[in-house]
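Listed below, chain by chain, are the residues.
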Amino acid sequence: MSTAQEPAVPALTRKDFESDQDVRWCPGCGDYAILASVLRVLPTLGVPRENFVFLSGIGCSSRFPYYVNTYGFHTIHGRAPAIATGLKIARPELSVWVVTGDGDALSIGGNHLIHILRRNVDVNILLFNNRIYGLTKGQYSPTSEFGKVTKSTPIGSVDHPFHPVAVALGADATFVARSVDVEAKHLQEVVRRAHAHRGTAFVEILQNCNIFNDGAFEALTDKAVKAETQLVLEHGKPLVFGKNRDKGIRLGSGLRPEVVALGNGVGEDDLLVHDEQDPTLAYFLSRMGPPDFPTPIGVFHAVERPCYDRALDDQITTARARQGEGDLDALLDRGDTWDVG
Amino acid sequence: MEAAGSNKPARTSKPIETRDAVVVRFAGDSGDGMQVVGSQFTIESALAGNDLGTLPDYPAEIRAPAGSLAGVSGFQLNFSSHEVYTPGDSCDVLVAMNPAALKVNLEDGSLKPGAMLILDRETFTDQNLRKAEYASNPLADGTLDGYQVFPVDITKLTTNALVNSGLSNKQILRCKNFLALGLMAWLFQRPLDPTLRWIADKFKKTPELLDANTRVLMAGYNFGETTELFHTAYEVRPAEIAPGRYRNVTGNTAAALGFLAASRRAGRPLFLGSYPITPASDILHELATYKSFGVRTFQAEDEIAAVGAALGAAFGGAIGLTTTSGPGMCLKAEAMGLAVAVELPLVIADIQRGSPSTGLPTKTEQADLLLAMYGRHGECPLPILAAATPADCFATAFEAVRIAIRYMTPVIFLSDGYIANGAEPWLIPRESELPAIAATFRTDPEGYKPYLRDPETLARPWVVPGTPGLEHRIGGLEREDVTGNVCYHPLNHEHMVRTRARKVAGVAAEIPPSVVAGAPAGDVLVLGWGSTYGAISSAVHELHGEGAAVGHLHLRYLNPLPPDLGEILRRFRRVLVPEMNLGQLVRLVRAEYLVDAVGLSKVQGRPFKVSEMVAAVRKQLEEAR
């Protein structure tokens, strides 16, 4: 989407998007970093401030709308995608964002999440995944690892976790990405891409809960090792990682990706090349992670498909073009009528 | 509009007897097209100028086993030369397409003594009798003594009419319903034009079926004229009804039109979020065809998403509507609480059915009143309106939208399967006659606070995203009055709970004075709500005509109740509250007004009969003396 086509908007700054409410996340929460990145991106998008709407469900992340000086709606647990769908259908010109968490989006709201994705409603979804229930003080979430010991699973969880990116791909999402709370530059670029995408943009943001699940992503964010544990996806580029960019992902036997060391006759030409439009590759990437693979971050998948909101709008435009603007008196008289007196 | 001239039947040459009112019932397998012929006979009767009331009655299964008792589908119509309030207690004529259809209706006690039974003789085979659990053939064993039996070879007549049509046997048999309809049209001297037009439209892409159904319809009509089975035709003269243009309308269609009309008069687009559920789905189907009016319908993934989307649309400035039945409204309860908290306009239409759980999905009941009143977490009041008749669904839906906007509140619209599917003639309004609904968005940032209330209605301002300078946040957390900022202060919470309640109670100030039909004071007041209107009206009309001091008050506004209700209750010595539940309004009225009102309950999935109502009121009259 070209920003040149946007209406002229007075230059906005981060300050314009800060609300007057005190931010009440725990000190050290990853949500602060995400808020900072989003506040940095919003003024650059060429959208008038009043056209932004942030909606959320319930959970720590869902307090987000209170801290952004746009229109906002803190709704009920899991239902923000449904409420956002209604808003976007009614007002297609608005820039609609849903902020949610792993419990909100994937547990209580799982149904709404998959349906907004398959419908491809033009809404941006930021899913803060800290793999724990924070606001209810530390129960395991649908992304917590098997065996996780929490207050509600004192001898370990026996739930198999969701992979949010794989869930989104399974629901035929047209834009699926992942970033990390503290990777500000990367996160901001992903958020910009999400905004530019027409259709539902799904962004998983790995986020640290320093109270109930501290260090869940430490291996991914620790400066000493992150070059070895992150696989930064770039469209059209081979899947290379490592501090010395000396490792890559190759397709092994039987469609199984494998990590290979570059050199000794293995070159970048032998590696998988990232293609955001290839659903199979996206699925491979969605299943990668420790201990055998680095964790991919960036845009997994981005394709064009008609948006529900626009398609419905088109039907209305077409109906009006064919039948003319609705005439209520004619409609009331439809069918067999008879006159008395 | 004239259909093919050659098809226009001449008036019969047989003697014609005049009747005041006739109740007919078409019954057959659920695949026999009984709803179609019932609807067509209704339209024919409406065009003949009769007042009428209908009751479609079909099983929950789409196609129960053919010929079985469970698969019987019926359509009852009461048409009259005077005012009609109900589909009629019992039938003068039953058209039964098979033994099961006969048996169900005989057992029902829904036939008058001496009723005419028009039966498809050929279907009374051993196999079909077994399916209908008949030990012997009722045509021969005396079961039908006391009725006028007309065995007609409906199947054979249909087949004969379609000799050389090139249709398969199966296709031919599917035309049988029109043979029956043609015969009934002759018997009651109904105009065939509307049915011919319907056939022409329905089968415009299959000329062979258009021709076949037309031929069969005419064959049925002509059979009536030529057969010696029928010596007399009947006629029901036009009723005296207020002048104007009429159409037949079901409650669900009237509701859809009412919601649309309200959105037009408010100048805001209508948004429907809905999940299919019997008996509400027809509102979704109807509104889905209103695209040229800018109506957006969204078939959601579940009931919760349906109400959520409607609320999101309301936040965006649309008229948010969600339609459902009892089980669905339970699922919506949490989101309705959010709507109460954020004070956005929203209409929740509950088309009640036999409950709890899946219950009797295709049958009627009005047992969701207390759910509507109290079925949410916390102190969560909202206005509740109930429609009384199919046509009344229009005005009640319109009023529900008006209140939702004026008071910035969710509103529950109650209807039920009886009036949702039932039809009656409707004096069609003109758009320009409908009141305008003020629906203004605030755009002035000067002094704006999200919860700064209108002193008269206590409504907060409606500000929609996209309005510069009025950016604000709303949500489910308790908020400070005026500013709308999240606030956990104990006294603020109590203030907000009381303010929300006061706002809803304040709707009473706009409720028009109540109208009591029959006696304005005296022995017995029959207090009703919803679809019991027809039976109560008929009963009270009858008894008041006999000189009894009985009055009828029917409530459209169930929350808040009309401000004059307490005074009216005290004008009568007894108050009887008939309901298709175990006594819900009666409980509210007793609690609110400390009157010794008594309930009259019926929970059989079927509406009250007038005779039941008359008997119950008589008992009260006797006790009052």
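Conventions adopted
Residues numbered from 1 in each chain as written. Chains lettered and ligands numbered in written order. Predicted model: local features only at pLDDT ≥ 70, side-chain atom pairs only at ≥ 80, totals over all residues. Helix = DSSP H or I, 4+ residues; strand = E, 2+ residues; numbered from the N terminus. Rg over C-alpha atoms; globule rule 2.2 N^0.38 Å. Buried ≥ 20, exposed ≤ 12 C-beta atoms within 10 Å, placed from the backbone. Contact = placed C-beta atoms within 7 Å. Core = buried A, V, L, I, M, F, W, Y, C linked by C-beta atoms within 7 Å. Nonpolar A, V, L, I, M, F, W, Y, C, P; charged D, E, K, R; others polar. Pairing = 2+ DSSP bridges. Domains from an automatic or database assignment. Right-handed = clockwise from strand over helix to strand, strands pointing away.

**Q** Would you mind going over the overall build of chain B in detail, with residue names and values included?
**A** If you tally the helices and strands in chain B, you get 20 helices and 23 strands. In terms of overall size, chain B behaves like a compact globule, its C-alpha atoms giving a radius of gyration of 27 Å where 625 residues would be expected to give roughly 25 Å. Principal axes of the C-alpha set define a box for chain B whose edges measure 85 × 65 × 45 Å. Burial statistics for chain B: of 625 residues in total, 55% are counted as buried. Of the contacts made within chain B by residues no fewer than 6 positions apart, 77% connect residues no fewer than 24 positions apart.

**Q** Now, about the overall build of chain A: what can you tell me, with residues and values included?
**A** Each helix and strand counted, chain A has 11 helices and 12 strands in total. At 23 Å, chain A has a C-alpha radius of gyration in line with the 20 Å of a compact globule built from 341 residues. Reported as C-alpha extents along the three principal axes, the dimensions of chain A are approximately 95 × 45 × 45 Å. Of all intrachain contacts in chain A linking residues separated by at least 6 positions in sequence, the fraction that spans at least 24 positions is 65%.

**Q** Can you tell me about the nonpolar core, naming the residues and giving the values?
**A** The tendency in soluble globular proteins is for nonpolar side chains to be buried as a group. V203(A), L311(B) and V401(B) are the most contacted members of the largest nonpolar core, which totals 271 residues. Filtering out sequence-adjacent residues up to four positions away, V203(A) remains in contact with I125(A), L126(A), L127(A), A177(A), S179(A), V190(A), V191(A) and A194(A). With six residues, the next largest nonpolar core counts C29(A), I132(A), Y140(A) and F212(A) among its residues.

**Q** A description of the interface of chain B and chain A should follow, citing residues and the corresponding values.
**A** Where interface size is given, it is often the accessible area lost as the parts come together that is meant. On the chain A side, the residues contacting the 57 residues of chain B number 50 residues. Elements that contribute at least two residues to the side of chain B that touches chain A include exactly α1 (34-47), β9 (244-250), α9 (251-266), β10 (270-274), β11 (296-299), α11 (303-315), α12 (326-342) and β17 (473-475) of chain B. When residues of the side of chain B that touches chain A are assigned to their parent elements, the largest contribution, nine residues, is made by α11(B). When the residues that make up the side of chain B that touches chain A are grouped by side-chain class, the tally is 31 nonpolar, 14 polar and 12 charged. With three bridges joining them, strand β2 (residues 71-74) of chain A and β17(B) adopt parallel strand pairing. Looking at β17(B), one finds that G72(A) is bridged to R473(B).

**Q** Go over the pairing of strand β22 (residues 572-579) of chain B with me, naming the residues and quoting the values.
**A** Residue and element names in this part refer to chain B. The element β22 is largely enclosed, with a buried count of seven among its eight residues. Pairing of β22 with strand β23 (residues 598-601) involves four bridges; the strand directions are parallel. Looking across to β23, one finds that L576 is bridged to V598.

**Q** Residues and numbers for the domain arrangement of chain B, please.
**A** All names here are of chain B. Each domain of chain B was delimited in the assignment, giving domain 1 (5-236), domain 2 (248-433) and domain 3 (517-624). Between the C-alpha centres of domain 1 and domain 3 there is a distance of 36 Å. Between domain 1 and domain 3, the residue contacts involve four residues of the former and eight residues of the latter. Split into classes, the residues belonging to the side of domain 1 that touches domain 3 amount to one nonpolar, two polar and one charged.

**Q** An account of the pairing of strand β20 (residues 550-555) of chain B is needed here, citing residue identities and associated values.
**A** Residues and elements named next belong to chain B. Across the six residues of β20, six count as buried, placing the element largely inside the fold. Note that strand β18 (residues 517-518) and β20 share two bridges and pair antiparallel. By the bridge assignment for β20, G518 is matched with G551. Bridge count for strand β19 (residues 522-529) against β20 is six bridges, and the pairing is parallel. The partner of G528 across the bridge, within β20, is H554. Chirality of the crossover, the property in question, places the unit of β19, helix α17 (residues 533-545) and β20 among those that are right-handed.

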